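Here's the letter readout for the chains.
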Amino acid sequence: MLEVRDLACQRGEQLLFSGVSFDVGAGELLWVEGRNGAGKTSLLRILCGLSPAEAGTVRWQGESIRSTRESFCGDSLFLAHSNGLKDDLTIAENLRFHGRLAGIEADAEDIDSALQACGLTERRDLAVRYLSQGQRRRAALARLWLARSRKLWILDEPFAALDAESVERLAARLGAHLEAGGLAVLTTHQEVPLPAGRTRRLLLAH
Amino acid sequence: MALNWFKYSSPQTFYPLAGRLIPVFAVLAAVLGAVGLYIGFFVAPTDFQQGEAYRIIFIHVPAAWMSMFIYLVMAGWAAFGLILNTRLSSMMATALAPTGALMTFLALWTGSLWGKPMWGTWWAWDARMTSELILLFLYIGFMALQASIDDPRRADKAGAILALVGAVNVPIIYFSVKWWNTLHQGSSISFGRSPSMASTMLLGMLVMALAYWMYCIAAALMRVRSIILERERNAQWVRDLKGAPA
Amino acid sequence: MWDAFVAVFARDVLQAWRRRADWLTTIFFFVIVVSLFPLGVGPEPALLKTMAPGIVWVAALLAAMLSLPRVFGTDFADGTLEQLVLTPQPLPFLVLAKVLAHWLLTGIPLAVIAPVLGLQFGLEGEPVVVLFVALLLGTPCLSLIGAVGAALTLGVRGGGVLIALLVLPLYIPVLIFGAGAVEATVAGTGAAGHLSLLAAGLLIAIVLIPWAVAAALRIALE
């Protein structure tokens, strides 16, 4: 359960938003909308604990995320705008590193099946440097298949640069995550098939 | 001042208070400075070893004291701002840095002026002058870091970490430089001990130290006032201020 | 926790191995700077011998500093730094893993090459050994202190030059004790005091600095 109360965010001198409150319960998805510069990415960065909010609180399971940082980080998964992949390492190496860093027990089989789910099996031993934008995004998204124990997903533009097939796959993965009682907060500019009935919208407007 | 701090810890209430305090400290600085210099130049006796040239200590020694002290105060305010997230303390740290650097520079400059007639050289790599030079580098690093970060809050926090690391390092640097200096004593010039203090010399030095204190407080307050205005220029109370007569 | 530590360390080393040229430039920079001094001050053997410890150490300082932007810079640019900060592991611990990798890639090569350069300057026997040991103890301090500067200047205008301004003054004690150790050996007074001070400084740095770096990284990502 993610509770957000009266959140305000300031970037430099500009107040991006204020008074933002919402709850996201188990099995729910929050779609954050707004035009460019409305503060969507800033909101996500506050939610995952990277940035401090100007005002307001973010609570996870009833506790402020700033006071229980380590357990919150163990429950959440943040996919940023940048892919978080090392250019010189292969996809498999990158994924294995993410798994070990996050403390996820993932053996070679888990990694292979995550790569297969993203359609990257043939390219698993290719350095990220040689991948296209869409393939990089898919490689970053492979973490969603790996980190099964993470309840809260915070995804910044996960659908960007993906082809139609990959959009389908990601939407299906999101659906399964919510089905299993997971939570998700995401931003996207595209019209994508988000799981109906479980999706709520938040419009960030000034 | 410490008593009022918490009441005045918001920039809005501190701004007018600082405005009222500045003339007080400025006048005190001028009066004490005049008295101190009079004692130093006309009352204190001529030193039997160093002649009249020693009189520069009335400017040199208090500047050296202030330069080190201000660094610690600056690091203290910065740490305060980092831990308690109080904006005003970070602004104080930022406001103190140029004054501290000025004091360091003054100490180096007058030190070299003193050195020429005493030791026959403008610069000697003695422990105190070398430490003072490194201190100047630390001040410059702090100011350069803050100047190159656009977001004032990030600048405050990054500066605070640098100031804290520096403050931990200052005693280590001082110790290492002293150690280095004693090892190389053979090749360096030997210094006479500081002139034996007549009581009027001591008095002059203390009055001058007080004058420096007052000057530094006044200068820091003036700077913090402009920092407040710059950072809060979009706040309503600053806009009101613009409309109001000065 | 150890698994994450090893993962970070191994990744940085692997990454550096794939980018060997980047790290080798640092080492060659060290060799070139040291070799410039005889050309600048003249080939007088006695003079070179007295200057050798200082020259080697100053060059090591500059070389270590030159490699600093890479410590967190690429992680910051490609977004892996965010992932590092958002793990359930204690961040200072992961910082230590990165610093250890940096030391392995710069500090140890510098320490290994330095004795050869020392021979060029007429140092022989015990002073060369002491030079090696002092660099072995001093370069991890350089990596640690440098990491603070690298973290503070992430994404900052003019980062590379700024690092020099922030870090070099803080390097001074390491320089004094490191070069002093070799000089003391040459003078025959024994280097034990210098070396134990270097070791003490290293211990203090290992305990305190990762926290400062972790705080600086969080600030950089805000």
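Preceding block: the structure.
The rules behind the values
Residues numbered from 1 in each chain as written. Chains lettered and ligands numbered in written order. Predicted model: local features only at pLDDT ≥ 70, side-chain atom pairs only at ≥ 80, totals over all residues. Heavy atoms only, no water. 1 Å grid on protein atoms, 1.4 Å probe; cavity = no way out; pocket = protein on both sides within 12 Å on 5 of 7 lines; lining within 4 Å. Points joined across faces, edges and corners; volume = space filled by probe spheres on them. Helix = DSSP H or I, 4+ residues; strand = E, 2+ residues; numbered from the N terminus. Nonpolar A, V, L, I, M, F, W, Y, C, P; charged D, E, K, R; others polar. Axes fitted to C-alpha atoms, helices over the stretch in contact; angles between N-to-C directions. Parallel < 35°, antiparallel > 145°, perpendicular 65-115°, else oblique. Left-handed = near helix turned anticlockwise from the far one by under 90°. Buried < 20%, exposed > 50% of the residue type's maximum accessible area, 1.4 Å probe, protein only. Contact = heavy atoms within 4.5 Å. Pairing = 2+ DSSP bridges. Buried area = accessible area lost by both parts, 1.4 Å probe. Salt bridge = Lys/Arg side-chain N within 4 Å of Asp/Glu carboxyl O. Polar contact = N/O pair within 3.5 Å; in protein donor to acceptor, adjacent residues only side chain to side chain.

### Remarks on empty space enclosed by the protein
Moving on, step 1. Taken as a whole and judged by the stated rule, the model has five cavities of 30 Å³ or more.
Moving on, step 2. Of the pockets and cavities examined, the largest cavity occupies roughly 180 Å³.
Moving on, step 3. Around the largest cavity, the lining is made up of 18 residues, and of these Leu77, Ala102, Arg143 and Arg150 of chain A together with Gln83 of chain C lie nearest the centre.
Moving on, step 4. Elements with a contribution of two residues or more to the lining of the largest cavity: strand 6 (76-79), helix 3 (91-101) and helix 6 (143-146) of chain A.
Moving on, step 5. Its residues assigned to classes, the lining of the largest cavity comprises eleven nonpolar, five polar and two charged.

### Thoughts on the packing of helix 6 (residues 91-120) of chain C against helix 7 (residues 126-152) of chain C
Residue and element names in this part refer to chain C.
Moving on, step 1. Following both chains from N to C, one finds helix 6 and helix 7 inclined at 150 degrees, their axes separated by 8 Å at the closest point. By the angle class used here, helix 6 and helix 7 are roughly antiparallel. When you trace helix 6 past helix 7, the crossing you get is right-handed.
Moving on, step 2. Grouping the constituent residues of the contact of helix 6 with helix 7 by class yields 17 nonpolar, six polar and no charged.

### Quick word on the side chain of Thr185 of chain C
Residue and element names in this part refer to chain C.
Moving on, step 1. Along the polypeptide, Thr185 turns up in helix 8 (residues 159-187).
Moving on, step 2. Exposure remark for Thr185: the relative accessible area of 11% places this residue in the buried category.
Moving on, step 3. Look past the residues within four positions of Thr185 in its chain and what remains in contact with it is Glu126, Pro127, Val130 and Ala191.

### Regarding the packing of helix 1 (residues 11-43) of chain B against helix 6 (residues 199-231) of chain B
Residue and element names in this part refer to chain B.
Moving on, step 1. The N-to-C vectors of helix 1 and helix 6 enclose an angle of 155 degrees; their axes lie 7 Å apart at closest approach. Relative to helix 6, the element helix 1 is oriented roughly antiparallel. Along this stretch, helix 1 crosses helix 6, giving a crossing that reads as left-handed.
Moving on, step 2. When its residues are assigned to classes, the contact of helix 1 with helix 6 shows 30 nonpolar, five polar and one charged.

### Digging into the sheet that holds strand 6 of chain A
Residue and element names in this part refer to chain A.
Moving on, step 1. The strand order 6-7-8-3-9 describes an open sheet built from five strands, whose pairing is parallel. Where the open sheet ends on each side, the last strands, each with one partner, are strand 6 and strand 9 (199-203). Averaged over all pairs of adjacent strands, the angle between their axes in this sheet comes to 15 degrees, without regard to strand direction.
Moving on, step 2. Where strand 6 and strand 7 (residues 152-156) come together, four bridges link them in parallel fashion. Residue pairing for strand 7: Leu77 is matched across the bridge by Trp153.
Moving on, step 3. Each of strand 3 (29-33), strand 7 and strand 8 (183-187) touches helix 7 (residues 164-179); the most contacted strand, strand 8, lies at about 145 degrees to it.

### Some points on the interface of chain A and chain C
Moving on, step 1. Counting residues at the interface gives 30 residues for chain A, matched by 28 residues for chain C.
Moving on, step 2. Between chain A and chain C, a total of about 2600 Å² is buried, with carbon and sulfur atoms accounting for 54% of that surface.
Moving on, step 3. For the pair chain A and chain C, the number of links is six salt bridges.
Moving on, step 4. Our count for the contact surface shared by chain A and chain C stands at 14 residue pairs in polar contact (both at pLDDT 80 or more).
Moving on, step 5. Of all elements in the fold, only helix 2 (69-75) and helix 3 of chain A reach the threshold of two or more residues within the side of chain A that touches chain C.
Moving on, step 6. Taken together, the residues that form the side of chain A that touches chain C break down as eleven nonpolar, eight polar and eleven charged.

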